[in-house]
Amino acid sequence: MYTSRILFLCLFVTILGYSQATYKIDEKYIYSWDDTAMDWKHDFSDQYTYGNGGTKETVLLRFSVPSLENLNQNLKTYYSNNNIILDQRQFWNPGTSMWMNNSQVVYTYNTSDYLIEETNQVYNLYTMTYGNFSRELYEYTGANRTKQTSQTWNGAAWTNTEEADITYSGSLPIQIVRKSWNGTTMM
């Protein structure tokens, strides 16, 4: 009798909520195979921190095992509707015991909140500024992403490297045609 009450209570709570549980990873362990010891070796661990009401990953910290020395981290920033706008990557400098900027990805959205640009930038330690490296441009027809253009920065301007045209049947992509660029000529 006691068991059936617990079961009924669990079913009642599940049915009332109509919600699906959201699982977030707190820590991830990275292993490699050690041929000498003939066993798995724990190399790194990643720790995740969530912000924005616990809905978005805001910090990803990687450290070595067993020393627990910091290696690198990602700091993520979101705007009010929880779209990511910045993913800053830093590495740990054990000599200065400080985080050093390495690179970042800047995300840009259109008025419909569709991602239209993803720009990768590298940090220059001498000028202490970020410089362009590469980017992805996205175009949409309605809610469907129909084109993706990859570009690299040559120091003065963006140069196309690849283009993908995406064809849909309703909302399902059915064909992706990729084209490569050779300088200013499409191949």
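Scoring rules and cut-offs
Residues numbered from 1 in each chain as written. Predicted model: local features only at pLDDT ≥ 70, side-chain atom pairs only at ≥ 80, totals over all residues. Heavy atoms only, no water. Salt bridge = Lys/Arg side-chain N within 4 Å of Asp/Glu carboxyl O. Helix = DSSP H or I, 4+ residues; strand = E, 2+ residues; numbered from the N terminus. Buried < 20%, exposed > 50% of the residue type's maximum accessible area, 1.4 Å probe, protein only. Contact = heavy atoms within 4.5 Å. Phe/Tyr/Trp six-rings, centres within 6.5 Å; stacked < 30°, edge-to-face > 60°. Lys NZ or Arg CZ within 6 Å of the ring centre and 35° of its normal. Patch = residues over 30% accessible without salt bridge, like charges linked within 9 Å, V, L, I, M, F, W, Y side chains within 5 Å. Areas by Shrake-Rupley, 256 points an atom, 1.4 Å probe, with all protein chains shown as cover. Core = buried A, V, L, I, M, F, W, Y, C linked by side-chain atoms within 4.5 Å. pLDDT = per-residue confidence, 0-100. Pairing = 2+ DSSP bridges.

### A word on the pattern of salt bridges
- Counted by the stated rule, this structure contains ten salt bridges.
- As a salt-bridge pair, Asp46 and Lys28 come within 3.7 Å of each other at their nearest N and O atoms. With Asp46 in strand 2 (residues 39-51) and Lys28 in strand 1 (residues 27-34), this pair connects stretches of sequence that are 18 residues apart.
- For Lys28, a relative accessible area of 34% puts it in the partly exposed group.
- Residue Asp46 is classed as buried on the basis of its relative accessible area of 3%.

### Section: the side chain of Ser103
- Locating Ser103 in the fold gives a position in strand 6 (residues 98-109).
- Of the residues examined, Ser103 reaches a relative accessible area of 14% and is grouped as buried.
- Not counting the four nearest positions on each side in its chain, Ser103 is found in contact with Asp87, Gln88, Arg89, Gln121, Val122, Tyr123 and Tyr130.

### Here we look at the packing of aromatic side chains
- Going through the model one piece at a time under the given rule, you end up with six aromatic pairs.
- A centroid spacing of 5.2 Å and a plane angle of 75 degrees characterise the contact between Trp33 and Trp40, whose relative ring orientation is edge-to-face.
- Judged by its relative accessible area of 54%, Trp40 falls in the exposed class.
- Measuring from centroid to centroid gives 5.0 Å for Trp92 and Trp99, while their planes differ by 70 degrees, and the two rings are edge-to-face.
- Above the plane of the ring of Tyr138 lies Arg145, whose end atom (NZ or CZ) is 3.9 Å from the centre.

### Side note on the environment of Ile85
- Of note, Ile85 is situated in strand 5 (residues 84-93).
- Taking the relative accessible area as the measure of exposure, Ile85 reaches 29% and is therefore partly exposed.
- Residues Ile85 and Thr108, 23 residues apart in the sequence, show an inter-C-alpha distance of 6.7 Å.

### Quick look at a nonpolar patch on the surface
- On the surface, Tyr29, Tyr31, Trp33, Met38 and Trp40 cluster together to form a nonpolar patch covering roughly 630 Å² of accessible area.
- Per element, the largest residue contribution to the nonpolar patch is three residues, and it comes from strand 1.
- Tracing the backbone through its elements, the reader meets Trp33 in strand 1.
- A residue is classified by how much of its surface remains accessible, and Trp33, at 39% relative accessible area, is partly exposed.

### Let's talk about the nonpolar core
- Among the nonpolar cores identified, the biggest contains seven residues, and these are Tyr78, Ile84, Val105, Tyr107, Tyr109, Leu115 and Tyr138.
- The dominant element in this core, judged by the number of residues it contributes, is strand 6, at three residues.
- Beyond its immediate stretch of four places on either side in the chain, Tyr138 contacts Leu115, Ile116, Glu117, Glu118, Arg145, Lys147 and Gln148.

### Digging into the confidence of the model for the protein chain
- Summing up the model confidence of the protein chain, the mean pLDDT is 86 and the portion of residues at 70 or higher is 86%.
- A low-confidence stretch, residues 1-17 stays under pLDDT 50, and its non-local contacts, those more than four residues away or across chains, total zero contacts.

### Focus: the pairing of strand 8 (residues 129-141)
- Pairing of strand 7 (residues 115-124) with strand 8, which is carried by eight bridges, proceeds in the antiparallel orientation. Bridge pairing in strand 8 places Gln121 opposite Asn132.
- In this structure, the hairpin formed by strand 7 and strand 8 is closed by a connection of four residues, where Met128 is found at a positive phi of approximately 55 degrees.
- Bridge count for strand 8 against strand 9 (residues 144-153) is eight bridges, and the pairing is antiparallel. From the neighbouring strand, Ser134 faces strand 9, where its bridge partner is Thr152.

### What about the pairing of strand 9?
- Here strand 8 folds back onto strand 9, and the loop between the two strands holds two residues, one of which, Gly142, carries a positive phi near 65 degrees.
- Sheet topology places strand 9 next to strand 10 (residues 158-169); seven bridges connect them, and they run antiparallel. The residue of strand 10 that forms the bridge with Lys147 is Asp165.
- With antiparallel pairing between neighbouring strands as the criterion, strand 9 and strand 10 make up a hairpin whose turn holds four residues, including Gly155 at a positive phi of roughly 100 degrees.

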